[in-house]
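Overview (structure and organization)
Listed below are the residues making up each chain.
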Amino acid sequence: MATKTHPFDPTWLEALTEQFPTPFHIYDERAIRANARALQAAFAWNPGFKEFFAVKAAPNPYLLSILSAEGFGADCSSLPELLLADRVGILGESIMFTSNDTPAVEYRQANGLGAIVNLDDISHIAYLEEVAGLPELICCRYNPGKLKAGNAIIGHPEEAKYGFTREQLFEGYRLLRDKGITRFGLHTMVASNELDSSYFTETAQLLLKLVLELSTELGITFEFVNLGGGIGIPYRPEDEPIDVAALGQSIQSVYEEIIGPSNHPPIKIYLECGRMVTGPYGYLVSRVLHVKHTYKDYVGLDACMTNLMRPAMYGAYHHISVVGKEPAPLDHVYDVTGSLCENNDKFAIDRPLPTVEAGDLVVIHDAGAHGHAMGFNYNGKLRSAELLLRESGEVVEIRRAETVDDYFATLDFGGLAIFEV
Ligand SMILES: *Cc1c(COP(=O)(O)O)cnc(C)c1O
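Counting of residues starts from 1 at the beginning of each chain's written sequence and follows it residue by residue. In keeping with the predicted nature of the model, local features appear solely for residues at pLDDT of at least 70, side-chain atom pairs appear and are counted solely at 80 or more, and the whole-chain, interface and lining totals rest on all residues. Here the side-chain values reflect all heavy atoms present in the structure, with hydrogen atoms and water set aside.

What follows is about the overall build of the protein. The way it works is that DSSP assigns letters per residue, a run of H or I at least four long becomes a helix, a run of E at least two long becomes a strand, and they are numbered from the N terminus. Helix and strand counts for the protein stand at twelve helices and 17 strands. What you see for the protein is a C-alpha radius of gyration of 23 Å, in line with the 22 Å of a compact globule of 421 residues. C-alpha extents for the protein along the principal axes are approximately 70 × 65 × 45 Å. Burial statistics for the protein: of 421 residues in total, 55% are counted as buried. Contact between two residues is taken to exist if any of their heavy atoms lie within 4.5 Å; hydrogens are not considered. Partitioning the intrachain contacts of the protein with sequence separation of at least 6 by distance along the chain shows that 70% fall at a separation of at least 24. Of the accessible surface of the protein, which amounts to about 18,300 Å², a share of 52% is contributed by carbon and sulfur atoms. Lys and Arg are tallied as positive, Asp and Glu as negative. Neither His nor the chain termini are counted. Every charge is mapped onto a representative atom, which is NZ of Lys, CZ of Arg, CG of Asp or CD of Glu. Positive and negative charge centroids in the protein, built from 33 and 56 side chains respectively, lie 1 Å apart. Atoms counted for the radius of gyration: C-alpha only. Globule rule: 2.2 Å times the number of residues to the power 0.38. Note on exposure labels: buried denotes an accessible area under 20% of the residue type's maximum, exposed denotes more than 50%, and partly exposed covers the range between, all computed with a 1.4 Å probe on protein chains only. What sets the accessible areas is the Shrake-Rupley method with a 1.4 Å probe; for residues, cover comes only from the shown protein chains.

Structural data, given as structure tokens:
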């Protein structure tokens, strides 16, 4: 069982909200660093191991620099994400560019930065060559189809839009080889938020075996296999977290079993996790505005689905603590809502909580990945601030809250007849 605790003292948090009005996201640097080190240690057996943090999970320069300092690279999937990685000093082959349905300008940018290009489709070989030229190191994304079961967030592989089929991989690497490419990687990403660690060991097995087949058939060798992201986190109190050290060991066994006896040169293991890196160490802090009793009991927050859309989008569970009332019995049942004009704007449905009153602070857990990042402006909602709790205990604002001026910044009122007085 994961214990759902947060690092905030109620008085301290209340004082913080005087300086930074709710809602805000706050990240715990100490915990992020400790977790990053545990991941590095779990794969220390593999020379060249690298985790490319999935930038989309938490695209903030402070967080990226912390992770970069811990030895992580960046997994990018768009032009702004590429520029963000570059701006924080994550350079060249420390960037993995895993995109799909990719525009030419993004391939040109990725090549320009010297990023590792991970192709999503066989047709992109010709496309990349035409629009940006072929880089010296190329990776292809494998979609194992029926050979592997998926899960709810990413869907079944054979219904997922991503990647090459098995046959296309053989054809694709042959084509690349014949065009003079000599440096290769192989990638797959078939699940998201997966808590069964054997899933990742099986993925490693699948990819490493495939590397040997491709290598034998085509006379090429691979520098790395990228097992993708998707390591889950215990959102629910009853969930078991993945034991990263044990996962590292079981992937090591698979590696030694498959690659050990072969004459293939050593292969680097790459990961591109987002959620497990920052997810549990980011919190959405919000204040209760109203408590409403109609056919059900509702707790209305000053945050809404635009601050954290996972519950409304996937029916995802996010644990909620009522600050200062953590030890109290959970003797009430509430829907915890935001203020969007959408009835699915709920952080929780039928959630047992202590008695909640207007003015209470709540901490919504596990908002450190795919949280603020998925924010949007529907209903004129402004994106909230992001704060960082430093190891020293100091809090710094690492992204200011949006203002009405930001919301209006892309609008042009000038051309409207009504303004031509
Ligand atoms: C979203 C994504 C990731 C990160 O997924 P997590 O579930 O956050 O680990 C990694 N790689 C690709 C290609 C993705 O689309």
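Attention now moves to the domain arrangement of the protein. Domain segmentation is taken from an automatic or database assignment of domains. Partitioning the protein into structural domains gives domain 1 (29–278) and domain 2 (280–408). Here domain 1 and domain 2 have C-alpha centroids that lie 32 Å from each other. Facing 26 residues of domain 1, the contacting portion of domain 2 comprises 22 residues. A simple way to read buried area is as the amount of 1.4 Å-probe accessible surface that goes missing from two parts once joined, with both sides added. Between domain 1 and domain 2, a total of about 2,200 Å² is buried, with carbon and sulfur atoms accounting for 57% of that surface. Considering only the side of domain 1, the residues that lose the most area to domain 2 are E29, Y62 and Y235, jointly responsible for 29% of the buried surface there. Salt bridges are identified by distance alone: a Lys or Arg side-chain nitrogen within 4 Å of an Asp or Glu carboxyl oxygen. Linking domain 1 with domain 2 are two salt bridges. The residue E391 makes a salt bridge to R33 at a minimum N-O spacing of 3.6 Å. Under this definition, polar contacts are N or O atom pairs within 3.5 Å; protein pairs additionally need one hydrogen-donor-capable and one acceptor-capable atom, and for neighbouring residues in sequence, both atoms have to be side-chain atoms. For the interface between domain 1 and domain 2, the tally reads 13 residue pairs in polar contact (both at pLDDT 80 or more). For the side of domain 1 that touches domain 2, the secondary structure elements donating two or more residues are α2 (29–42), α3 (61–69) and α10 (275–278). In terms of residue count, the dominant contributor to the side of domain 1 that touches domain 2 is α2 (six residues). Three residue categories are used. Nonpolar comprises Ala, Val, Leu, Ile, Met, Phe, Trp, Tyr, Cys and Pro, charged comprises Asp, Glu, Lys and Arg, and polar comprises the others, including Gly. Considering only residue class, the side of domain 1 that touches domain 2 consists of 15 nonpolar, five polar and six charged.

To continue, consider the sheet that holds strand β4 (residues 95–98). Strand pairing in a sheet relies on backbone hydrogen bonds. The paired strands run either parallel or antiparallel. By definition, two strands form a pair when at least two bridges between them are found by DSSP. If you walk around this closed barrel you meet the eight strands as β2-β3-β4-β5-β6-β7-β8-β9, and the pairing is parallel. Pairwise comparison of adjacent strand axes, ignoring direction, gives a mean angle of 25° for this sheet. Note: strand β2 (residues 50–54) against strand β9 (residues 268–271), two bridges, orientation parallel. Counterpart to E51 in the pairing with β9 is L271. Working convention: axes come from line fits to C-alpha atoms, limited for helices to the stretch in contact. Angles between N-to-C directions cover 0 to 180 degrees.

The full count for this structure, using the stated rule, is 22 salt bridges. With a closest N to O distance of 2.7 Å, R37 and E70 form a salt bridge. One end of the pair, R37, is in helix α2; the other, E70, is in the loop between α3 and β3 (73–76), with 33 residues separating them in the sequence. Judged by relative accessible area, which is 12%, E70 ranks as buried. Of the charged contacts, one joins R400 and D406 as a salt bridge, the two residues approaching to 2.6 Å between their closest N and O atoms. Within the structure, one salt-bridge network assembled from shared partners comprises E29, R33, R37, E70, R390 and E391.

All right, on to a nonpolar patch on the surface then. Candidates for patches are residues over 30% relative accessible area with no salt bridge; among them, like charges are joined within 9 Å and nonpolar side chains (Val, Leu, Ile, Met, Phe, Trp, Tyr) within 5 Å. A contiguous nonpolar patch, built from V404, Y407, F408, L411, F413 and L416 and spanning about 520 Å² of accessible area, is present on the exposed surface. With respect to the helices, strands and loops of the structure, L416 is situated in the segment after α12 (404–408).

The near set for a molecule or strand comprises every residue that places at least one heavy atom within 4 Å of it. Around the ligand, the surrounding shell holds 14 residues, and the nearest of these are K56, G230, E272, R275 and H370. Between E272 and the ligand, the recorded distance is 2.7 Å, taken from a side-chain N or O atom to a nitrogen atom. The side chain of H370 places a nitrogen or oxygen atom 2.7 Å from an oxygen atom of the ligand. In isolation the ligand has 390 Å² of accessible area, and contact with the protein removes 91% of it. Residues of the shell around the ligand, tallied by class, amount to three nonpolar, six polar and five charged.

This next bit is on helix α5 (residues 104–113). Those residues of α5 that fall on the buried side of the exposure criterion are A104, E106, Y107, A110 and L113. The secondary structure elements touched by the buried residues of α5 are α4 (79–87), β4, β5 (116–119) and α6 (123–131). Just downstream of α5, G114 is the residue with a positive phi angle, here 75°.

The subject of this paragraph is unusual backbone geometry. Geometrically, the link from T22 to P23 is a cis peptide bond, its omega value of -5° lying close to zero. If you trace the backbone, P23 turns up in the loop between α1 (10–19) and β1 (24–28). The backbone of D350 sits at a positive phi, close to 50°, despite the residue not being glycine. Inspection of the secondary structure assignment puts D350 in strand β14 (residues 346–353). One non-glycine residue, D366, lies in positive phi territory at about 60°. If you trace the backbone, D366 turns up in the loop between β15 (361–364) and β16 (385–389).

For the rest of this paragraph, the subject is the nonpolar core. Nine residue types can take part in a nonpolar core, namely buried Ala, Val, Leu, Ile, Met, Phe, Trp, Tyr and Cys, and a core is a set of them joined through side-chain atoms within 4.5 Å. Formed by 86 residues in total, the largest nonpolar core has its most connected members in Y173, L186 and V225. Residue contributions to this core peak at ten residues, all from helix α8 (residues 197–218).

A word on the packing of aromatic side chains. For this analysis, a ring pair means two rings from Phe, Tyr or Trp (six-membered ring only for Trp) whose centres lie within 6.5 Å, classed as stacked if their planes differ by under 30 degrees, edge-to-face if by over 60, and tilted for the remaining angles. In total, this model carries 15 aromatic pairs according to the counting rule given. Between the aromatic rings of F8 and W12, the centroid separation amounts to 5.9 Å while the plane-to-plane angle is 5°, which identifies the pairing as stacked. On the accessibility criterion, F8 (5% relative accessible area) is buried. Taking 6.4 Å as the distance between ring centres and 40° as the angle between the ring planes, the aromatic pair formed by F43 and W45 counts as tilted. Judged by its relative accessible area of 1%, F43 is buried.

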